[in-house]
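Residues per chain, in single letters:
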Amino acid sequence: MSEANYREIIWNGLWKNNAGIVALLGLCPLLAVSTSVVNGVGLGIATVLVMAFSNGIVSLARSWIPREIRIPVYILIIAVLVTIIDLSMNAFVQPLYLVLGIFVPLIVVNCNVLGRAEAFASKNAVFPSMVDGFMVGLGLTLTLAVLGGMREILGKGTLLSGIDLAFGASAKSWIITVIPDYHGFLLAILPPGAFIGLGLLIAGKNWLDQRKSARVEPAQASQAATAAA
Amino acid sequence: MSIYTRHSTKLAMVLAAFALVGTSMLAVTFEATRDNIAASEKKAKLALIAQILPPALYDNDIIRDAADLPAVPELGTAEPTLAYRALKDGKPVAVVLEAIAPDGYAGKIKLLIAIKSNGEISGVRVVTHKETPGLGDYIEIAKSNWIKVFDGTSLEKYPSNEWKVKKDGGQFDYMTGATITPRAVVKAVHKVLVWYSANHEKLFSLAGTGATT
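Residues numbered from 1 in each chain as written. Chains lettered and ligands numbered in written order. Predicted model: local features only at pLDDT ≥ 70, side-chain atom pairs only at ≥ 80, totals over all residues. Heavy atoms only, no water.

**Q** Which residues make up the layout of surface pockets, and what values do they have?
**A** The rolling of a water-molecule-sized probe over the atoms marks out the regions of remaining empty space. Size it by volume and the second largest pocket reaches roughly 330 Å³. Forming the walls of the second largest pocket are 14 residues, and the residues nearest its centre are Ile 57 and Ile 77 of chain A together with Phe 18, Val 21 and Met 25 of chain B. The set of elements that each furnish at least two residues to the lining of the second largest pocket consists of helix H3 (37–61) and helix H4 (70–92) of chain A together with helix H1 (2–52) of chain B. Class assignment of the residues belonging to the lining of the second largest pocket gives a composition of 13 nonpolar, one polar and no charged. (1 Å grid on protein atoms, 1.4 Å probe; cavity = no way out; pocket = protein on both sides within 12 Å on 5 of 7 lines; lining within 4 Å. Points joined across faces, edges and corners; volume = space filled by probe spheres on them. Helix = DSSP H or I, 4+ residues; strand = E, 2+ residues; numbered from the N terminus. Nonpolar A, V, L, I, M, F, W, Y, C, P; charged D, E, K, R; others polar.)

Laid out in structure tokens, this is it:
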């Protein structure tokens, strides 16, 4: 792994292969939790932690894992890691656990973690694997934050509601009322809002990518559009 | 044939080794965190109880002195719950009961209710619910102060037919658009009060689950 490839890892994780809007992995927690910015970022941070460490451990153990049984071993490693993080957070950083605690068990069912273990960590050295896990997790966090923001503004007319649960009652003043006297738009908060919002995000990303490729290579624009579709 | 058998045996042993290492790591973590987790869970429970029953009112270890309560249909509970008994100088001052309103808009609403010895409600909190976000979730203290309408109420204060939301001719406020949720909570709280008035002496004679007092 050469130095230049870190740039690619970062670009892949954050944009090109974004877990939420390109790879479309781990949709179950993504759709369930993205009702507000604070919830979305909460799940995102927990995922970043788990993915960085699970990729690191899988990479560390990769020479001892026979190909035939690699999947059960990865699942074992991830389950052990998530449980250890869950227990340790509960015991030693209780305030953080009260905020992120409900998200941590959700990560076990997030196939991004298994996906990156198989696709990246099983073939690469420890440090690049950790960077990859961190970046893919961060990409997911960005998607969650944007989707959470969209749903929260549309559904409740606010931003950052619930932040007081993370930073104490004084943080209540950080809540931004985007639309005063808003009566709420329930569809955005309920599960259909998550699917519609995610669809809009995917469309938005494809549009940006197409516009970029159209600018760089005007001649091949139509070809890129076909590929993106 | 034997080469495959040998290979399979090797794979099984590798998998077993990973399982063994993983299990031991979990066991070590569990042991290392157990006391801390128990302490923080107790703290969280005490903090929740403190919201509905001022700690100055009692002087016993309310968690240790909790009594096992079998499932009670009047409380809506289908499984044994805990009854937290508050004592001052050995005399009963209040009890904190877990109850379930079975008929919320989206299923069960779990409540924690503190009742003083004179039958007056000290406070009610919703512990878990699945009511519609932004509509029925105002029963949560994090969303609104609605749940405090019960503070200081009792069976003496309102006769049984007034334990309803105002829309149904009762005493309790509700928010337009979500009547089913508060209706369920009011009904459940009323049922708990009725059950308590018939059983409060029995509650304090139950043995505690913790160390003997």
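**Q** Describe in detail the sheet that holds strand E2 (residues 81–88) of chain B, supporting the description with residues and values.
**A** All names here are of chain B. Overall, antiparallel pairing links the five strands, which are arranged E1-E2-E3-E4-E5 in an open sheet. Bordering the open sheet on either side are strand E1 (67–69) and strand E5 (121–128), each of which pairs with just one other strand. Direction aside, the axes of adjacent strands within the sheet are offset by 25° on average. Pairing between E1 and E2: three bridges, direction antiparallel. Residue pairing in the sheet places Ala 67 in a bridge with Ala 83 of E2. Helix-sheet contacts for H1 involve E2, strand E3 (91–104), strand E4 (107–116) and E5, and the interaxial angle to E5 is about 135°. (Pairing = 2+ DSSP bridges. Axes fitted to C-alpha atoms, helices over the stretch in contact; angles between N-to-C directions. Contact = heavy atoms within 4.5 Å.)

**Q** Explain the confidence of the model for chain A residue by residue, including any values.
**A** Across chain A, the average pLDDT comes to 82, with 90% of residues at 70 or higher. The secondary structure element of chain A with the lowest average pLDDT is helix H12 (residues 221–228) of chain A, at 55, and the one with the highest is helix H8 (residues 126–156) of chain A, at 91. (pLDDT = per-residue confidence, 0-100.)

**Q** Describe the pattern of salt bridges, listing the residues and the values that go with them.
**A** All names here are of chain B. Enumeration over the complete set of coordinates arrives at twelve salt bridges over all chains. The partner of Asp 65 in a salt bridge is Arg 64, and the shortest N-O contact between them spans 3.7 Å. A salt bridge links Lys 143 to Glu 140, with the shortest nitrogen-to-oxygen separation between them at 3.7 Å. Since its relative accessible area comes to 47%, Lys 143 is described here as partly exposed. Through salt bridges with shared partners, a single network forms among Asp 137, Glu 140 and Lys 143. (Salt bridge = Lys/Arg side-chain N within 4 Å of Asp/Glu carboxyl O. Buried < 20%, exposed > 50% of the residue type's maximum accessible area, 1.4 Å probe, protein only.)

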